[in-house]
Amino acid sequence: MQKLLSNALLRLAGNGGDPVVELQTNFGGGKTHSMLALWHLFAGVPAGQLPGLETVTKMAGVSQPPKVRRAVLVGNRISPADIHKKPDGTVVRTLWGELAWQLGGKEGYAMVRSADEKAVSPGDSLRLLFNKYSPCLILIDEWVAYARQLYNKSDLPAGDFDAHFTFAQTLSESAKLADKTLLVVSIPSS
């Protein structure tokens, strides 16, 4: 856990760190708890108010977590069959539309709107989105549960499995190329 949090501090402060982290354990192995720790680390609470953080900040050489935009996608809580209307009126169909909206609201969503409406991967728009709203933390939990619902389907608002597979690759590459962006994905090992 300390290594994960230290890496996140490094990456989101712009001091190195891995841009993409895959959390892979058996059921009950702590993937979701690790993501919750990241969520709270970058919630804007002063480091001194987070018990046990002293060791992590020393490891990273970062005294205070930076202000970070956060996006959370939970695959068993978002249905690929539904269209989601946001409080500001934005209509979201895909995970990339949801991600963009969470990071930048209506303005962020506009950067991937065409790809969301056509249910195709947004390509380099993701890197541009991440750079515009950096530092940004992207947490994806239960992604396999979401993707499994797309297999052999071509009529869902979220798109098909192939478009989603391309999005997965584009997302990880965009996180690597963008400044101060950290992507953390949980994958069950079973």
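Each chain has its residues counted from 1, running along the sequence as written. Two thresholds apply to this predicted model, a pLDDT of at least 70 for residue-level local features and 80 or more for giving and counting side-chain atom pairs, whereas whole-chain, interface and lining totals are computed over all residues. Working from all heavy atoms in the structure, the side-chain values ignore hydrogens and water.

K.L.:
Explain the overall build of the protein chain here, please?
P.N.:
Elements are defined by DSSP. Helices are runs of H or I of four residues or more, strands are runs of E of two residues or more, and each kind is numbered from the N terminus. For the protein chain, the count of helices and strands is eight helices and six strands. Counting from the amino terminus, helix and strand elements in the protein chain follow one another as α-β-α-α-β-β-β-α-α-α-β-α-α-β. Note that the radius of gyration is over C-alpha atoms, with the globule rule given as 2.2 Å times the number of residues to the power 0.38. Computed over its C-alpha atoms, the radius of gyration of the protein chain comes to 16 Å, within 12% of the 16 Å expected for a compact globule of 190 residues. Expressed as lengths along the three principal axes of its C-alpha atoms, the size of the protein chain is roughly 50 × 40 × 30 Å. Per-residue accessibility, obtained with a 1.4 Å probe over protein chains only, is compared with the maximum for each type, and a residue is labelled buried under 20%, exposed over 50%, and partly exposed between these values. Looking at the protein chain as a whole, 46% of its 190 residues are labelled buried. Taking as baseline every contact in the protein chain between residues at least 6 positions apart, the subset at least 24 positions apart corresponds to 70%. By element, 51% of the accessible surface of the protein chain is carried by carbon and sulfur atoms, the whole surface being about 9,600 Å². Throughout, a residue-residue contact means that at least one pair of heavy atoms, one from each residue, lies within 4.5 Å. In short, Shrake-Rupley with a 1.4 Å probe defines the accessible areas, and a residue's cover is counted only from the protein chains shown.

K.L.:
Teacher, can you tell me more about the side chain of T90 here?
P.N.:
Topologically, T90 is positioned in the loop between strand 3 (84-85) and strand 4 (91-92). In protein, a polar contact requires one atom able to donate a hydrogen and another able to accept it; more generally it is a pair of N or O atoms within 3.5 Å, and residues adjacent in sequence count only if both atoms are side-chain atoms. Here D88 takes part through its side chain, which lies 2.8 Å from a polar atom of the side chain of T90.

K.L.:
Just to check I follow, could you spell out helix 2 (residues 31-41) for this structure?
P.N.:
Working note: α-helix, 3.6 residues per turn, so residues spaced by three or four point in the same direction. Taken residue by residue, helix 2 has K31, S34, M35, L38 and L41 as its buried positions. All buried residues of helix 2 fall inside an arc of 120° around its axis, so they share one side. By arc we mean the arc of the directions from the helix axis to the C-beta atoms, nothing more.

K.L.:
Teacher, can you tell me more about the packing of helix 1 (residues 2-13) against helix 2 here?
P.N.:
In helix packing, the relevant descriptors are the interaxial angle and the interaxial distance, both defined with respect to the helix axes. Axis separation between helix 1 and helix 2 bottoms out at 10 Å; the angle between their running directions is 40°. In terms of orientation, helix 1 and helix 2 fall into the oblique class. For the pair helix 1 and helix 2, the crossing hand works out as right-handed. From helix 1, L4, L5, A8 and L9 reach across to helix 2, where they touch S34, A37, L38 and L41. Axis definition: a line fit to C-alpha positions, over the contact stretch in the case of helices; interaxial angles, taken between N-to-C directions, run 0 to 180 degrees. An angle below 35 degrees is treated as roughly parallel, one above 145 as roughly antiparallel, one from 65 to 115 as roughly perpendicular, and anything else as oblique. Left-handed describes a crossing in which the near helix is turned anticlockwise from the far one by less than a right angle; the clockwise case is right-handed.

K.L.:
Which parts of the structure should I look at to understand the packing of aromatic side chains?
P.N.:
Pairing of aromatic rings covers Phe, Tyr and Trp, the last counted by its six-membered ring, and requires centre-to-centre distances within 6.5 Å; plane angles under 30 degrees mean stacked, over 60 mean edge-to-face, and any other angle means tilted. Going through the model one piece at a time under the given rule, you end up with four aromatic pairs. Considering the side-chain rings of W96 and F167, the 4.8 Å spacing of their centres and the 50° angle between planes classify their relative orientation as tilted. Taken together, the positions of W96 in helix 4 (residues 95-110) and F167 in helix 8 (residues 161-177) put the pair 71 residues apart, joining distant regions of the chain. Taking the centre distance of 6.2 Å and the plane angle of 65° together, the rings of W143 and F167 count as edge-to-face. Highlighted residues: W143 in helix 7 (residues 143-148) and F167 in helix 8, separated in sequence by 24 residues. Accessibility assignment for this pair places W143 and F167 in one class, buried. Feature note: the residues W96, W143 and F167 constitute an aromatic cluster, connected by ring pairs. Sitting over the face of the ring of W39, R70 holds its NZ or CZ atom 3.4 Å from the ring centroid. Each ring is checked for a lysine NZ or an arginine CZ that lies within 6 Å of its centre and within 35 degrees of its normal; such an atom marks a charge sitting over the ring.

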